[in-house]
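Remarks on the overall topology
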Amino acid sequence: MKSEATRYELIEVAQGRRHADIFIKGGTVVNVYSGEFLQHNVAIYKDRIAYVGESEAAIGPDTKLINAEGKYVSPGFIEPHAHPWVVYNPISFVGKVVPLGTTTTVNDNLFFYLYMGAEGFKNLLEDLEQLPGNHFWLARLVSQADFLGEREWFNQQDIRDFLGLEQVLGTAEVTRWPLLYNGDPFLIDTVEYTKEIGKISDGHTAGCSYDKLNSIVAAGISACHEAITTKESLDRLRLGMWTTLRNSSLRPDLPEIIKMITEKKVTTNRIMMTTDGPHPAFIEEEGFVDGLVRKAVELGLSPMEAIQMVTINPATFFHLDEHIGGIAPARRADILILPDLIHFRPELVMAGGKVAASNGELNIPLPEVNWNKYMVKKPFSIEKSALEDPELYRLPHFTSSEPVPVISFRSTVITHKKEIQFPVVNGYADISNHSGLMYAALIDREGRWITRGVLENFASDLDGMASTYNTTTQLLVIGRDSEAMALAASRVHEMGGGIAIVQRGEVILEIPLPLTGMMTTDPSFAKAVEYQNTFLSVMKQHGYPFHDILYTLLFLTCDFLPGLRLVPFGLLDVKTNEILRPATPLR
């Protein structure tokens, strides 16, 4: 990380021969290196800390004094596993989380890369340097659902070019971890290259047994955030993984997995915490990394342990601990003034030596970005007229005696296979006499293929819904009325991506998500909260039974969670890796 201040200048400030720009006086420094709370002053010059101690020699006539008496001076918080695309976009996301004390995020690049390609994504990174705080990235090696041409898109040359960028700290989670278990050559070679250049490889090992986890660690995976029980957390820690405890909108697991510390008494120096891409309303209500610290302390951790797990621990994991993660000379001046160690809501946030936020409000203007300039893919290549045919959304079926595999939801994202016999009408399965069932279709935005299926326990009274918000970012259409489904799909096409719901022939909800089909371009985080709350409310009115509609849609089209999924190659049984109904051509 480049420094605005030279080492010579920092030496002079530390010795009192040059005046500090900012001097934080009288506070209690949270020393994450020693685990102590120390009555120390902090001198800042340009973007770096120059001195920590009892001396006031660095104060000059032009030095800005910050009185921190009775307050705590903490390093800025670090989110090691961020997904800045959950309806919000990177700019609205940063505008929200920096005032909450998160001065560093390490972000997943998946959907940006899918639509921007290598060159567009690099240009985006340059422009996002204007944002307050530190914004690093991890490079995906595969998508979350295999597709034709995936390896050409995620090719070795582009990936290695990314890994050479300073802003890219390593490889992102491989959600399809069986590829690693089975020794996929591209993945193993890329992880090995990542290690050679001194960077990390993040992991995603949901459902991986202890014995199989050995192979994942042997493959070079450095960390995992997918443990949902105390035992799973311990398994990862004991096998040398950095273990990341998650508390998110989809998986609020911290009360269970924190028992590895509060009950099992393990050391915490290789443990981090993450919010793992929570929906907008969760951040609005629960906070971000500040909420993790608050919750951890409520559950029995000491304030020092909790802060270390979101500062020095992730900084060390990413090999950045000489730059961020603590309050010490030559570290970036990413500093929080905390009124107490109960609520962890910063009164003041400094990012790179500048006061970025105070009393929960951002002090620095956010940059304006023309998102379209990064895109190399069109929102839709398929003609809108092709989506207006109701027959597209019916399920071809030719014999009532043959059961149809049905995607039955057990929880927000977990499904299982059911088989139901349907009457056949004009060559299509007729679900009209089965309450609680929906037709579903995943349609290629370029118009090459369609995957069809039937859903159970997704909603009870939904005529038609269409959404590009899913892990493939293709057009997902769901409903009981094929004409309503066609209207919803047509409306999403007109918006260039997003979500539309149709009831009784009328569009009752539309949410434009033109940025990759996943994000609003609105710079206001409040707009993302409004969209998500309204969407969930409308879906619940029509029988959606769970708590997180965004993740239900996101993972309905993935290929790494049990059991049946709609993916680009067809209706997939994840457990058997069998395509039960292949995708069919649209052209």
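Residues numbered from 1 in each chain as written. Predicted model: local features only at pLDDT ≥ 70, side-chain atom pairs only at ≥ 80, totals over all residues. Heavy atoms only, no water.

What to know about the UniProt feature "domain: Adenine deaminase C-terminal" (unreviewed entry) in the protein chain
Rule in force here: UniProt positions are given in the numbering used here, feature names are shortened, and annotations may be inferred rather than shown by experiment. Numbered from the N terminus, helices here are DSSP runs of H or I no shorter than four residues, and strands are runs of E no shorter than two.
Per the UniProt entry, the sites bearing "domain: Adenine deaminase C-terminal" (unreviewed entry) are residues 413-577 in this numbering. When the span residues 413-577 is considered, its composition is 24% helix and 33% strand, and the gap between its end C-alpha atoms is 18 Å.

So, the sheet that holds strand S1 (residues 22-25)
Basically, it comes down to this: What makes two strands pair is DSSP finding at least two bridges between them. Lines fitted to the C-alpha atoms define the axes, with helices restricted to the stretch that makes contact. Angles between their N-to-C directions range from 0 to 180 degrees. Whether two residues touch is decided by their heavy atoms; if any such pair falls within 4.5 Å, the residues are in contact.
The four strands are arranged S5-S4-S1-S6 in an open sheet whose pairing can be described as mixed. Every interior strand has two partners, whereas the edge strands, strand S5 (48-53) and strand S6 (64-67), have only one. Strand-to-strand twist of the sheet, defined as the mean angle between neighbouring strand axes without regard to direction, takes the value 20 degrees. Contacting strand S4 (41-45) and S5, helix H1 (residues 7-14) crosses the sheet at an angle of about 25 degrees to S5.

Quick look at the side chain of histidine 81
Where we set the bar: Exposed residues in this analysis have more than 50% of their type's maximum accessible area, buried residues have under 20%, and partly exposed residues fall in between, with area computed by a 1.4 Å probe over protein chains only. Polar contacts here mean pairs of N or O atoms no more than 3.5 Å apart (in protein, one a potential hydrogen donor and the other a potential acceptor; neighbouring residues in sequence count only if both atoms are side-chain atoms).
Along the chain, histidine 81 falls in strand S8 (residues 77-82). Of the residues examined, histidine 81 reaches a relative accessible area of 5% and is grouped as buried. There is a polar contact of 3.2 Å between the side chain of histidine 81 and the side chain of histidine 83. Dropping the residues within four chain positions of it, histidine 81 is found in contact with Val106, Glu173, Asp202, His225, Thr274, Asp276 and Gly277.

So, the environment of asparagine 372
Tracing the backbone shows asparagine 372 in the loop between strand S19 (361-362) and strand S20 (404-409). The exposed category is assigned to asparagine 372, whose relative accessible area is 62%. Here the alpha-carbon distance between asparagine 372 and proline 255, two residues 117 residues apart in the chain, equals 42 Å.

Re the sheet that holds strand S14 (residues 242-246)
The strand order across the open sheet built from eight strands is S8-S9-S10-S11-S12-S13-S14-S15, with neighbouring strands paired in parallel fashion. Looking along the sheet, the strands with just one partner apiece sit at the ends: S8 and strand S15 (271-274). One ladder, built from two bridges, connects strand S12 (residues 200-203) with strand S13 (residues 223-224); its direction is parallel. Along S13, the bridge assignment pairs glycine 203 with cysteine 224. This element, helix H9 (residues 230-238), spans S13, S14 and S15 of the sheet and lies at about 155 degrees to S14.

Some thoughts on a nonpolar patch on the surface
We count it as follows: Put simply, a patch holds well-exposed residues, over 30% relative accessible area, that have no salt bridge, with like charges counted together within 9 Å and Val, Leu, Ile, Met, Phe, Trp or Tyr side chains within 5 Å. Here the open area of atoms and residues is found with the Shrake-Rupley method and a 1.4 Å probe, where only the protein chains shown may cover a residue. By salt bridge we mean one thing: a side-chain nitrogen of Lys or Arg within 4 Å of a carboxyl oxygen of Asp or Glu.
On the surface, a cluster of nonpolar side chains totalling about 290 Å² of accessible area is made up of Leu148, Phe569 and Ile579. Checked against the element boundaries, isoleucine 579 lands in strand S32 (residues 578-582). Taking the relative accessible area as the measure of exposure, isoleucine 579 reaches 32% and is therefore partly exposed.

Side note on the packing of helix H3 (residues 110-128) against helix H5 (residues 156-163)
For any two helices packed against each other, the geometry comes down to the angle between their axes and how far apart the axes lie. Note the cut-off: Just so you know how the angles are binned, under 35 degrees is roughly parallel, over 145 roughly antiparallel, 65 to 115 roughly perpendicular, and the rest oblique. Left-handed describes a crossing whose near helix is turned anticlockwise from the far helix by less than a right angle; the clockwise case is right-handed.
Between H3 and H5, the shortest axis-to-axis distance is 11 Å and the interhelical angle comes to 55 degrees. Between H3 and H5, the angle is such that the two are oblique. The chirality of how H3 crosses H5 is left-handed. Residues Tyr113, Gly117, Ala118, Phe121 and Lys122 of H3 form the contact with H5, whose own contacting residues are Asp158, Asp161 and Phe162.

Concerning unusual backbone geometry
Look at the link from proline 562 to glycine 563: it is a cis peptide, with omega at -5 degrees. Here glycine 563 is to be found in the loop between helix H18 (549-556) and strand S30 (564-567). In this model, alanine 330 sits at a positive phi of 75 degrees, which is unusual for a non-glycine residue. Among the secondary structure elements, alanine 330 is positioned in the loop between helix H15 (312-317) and strand S16 (335-338).

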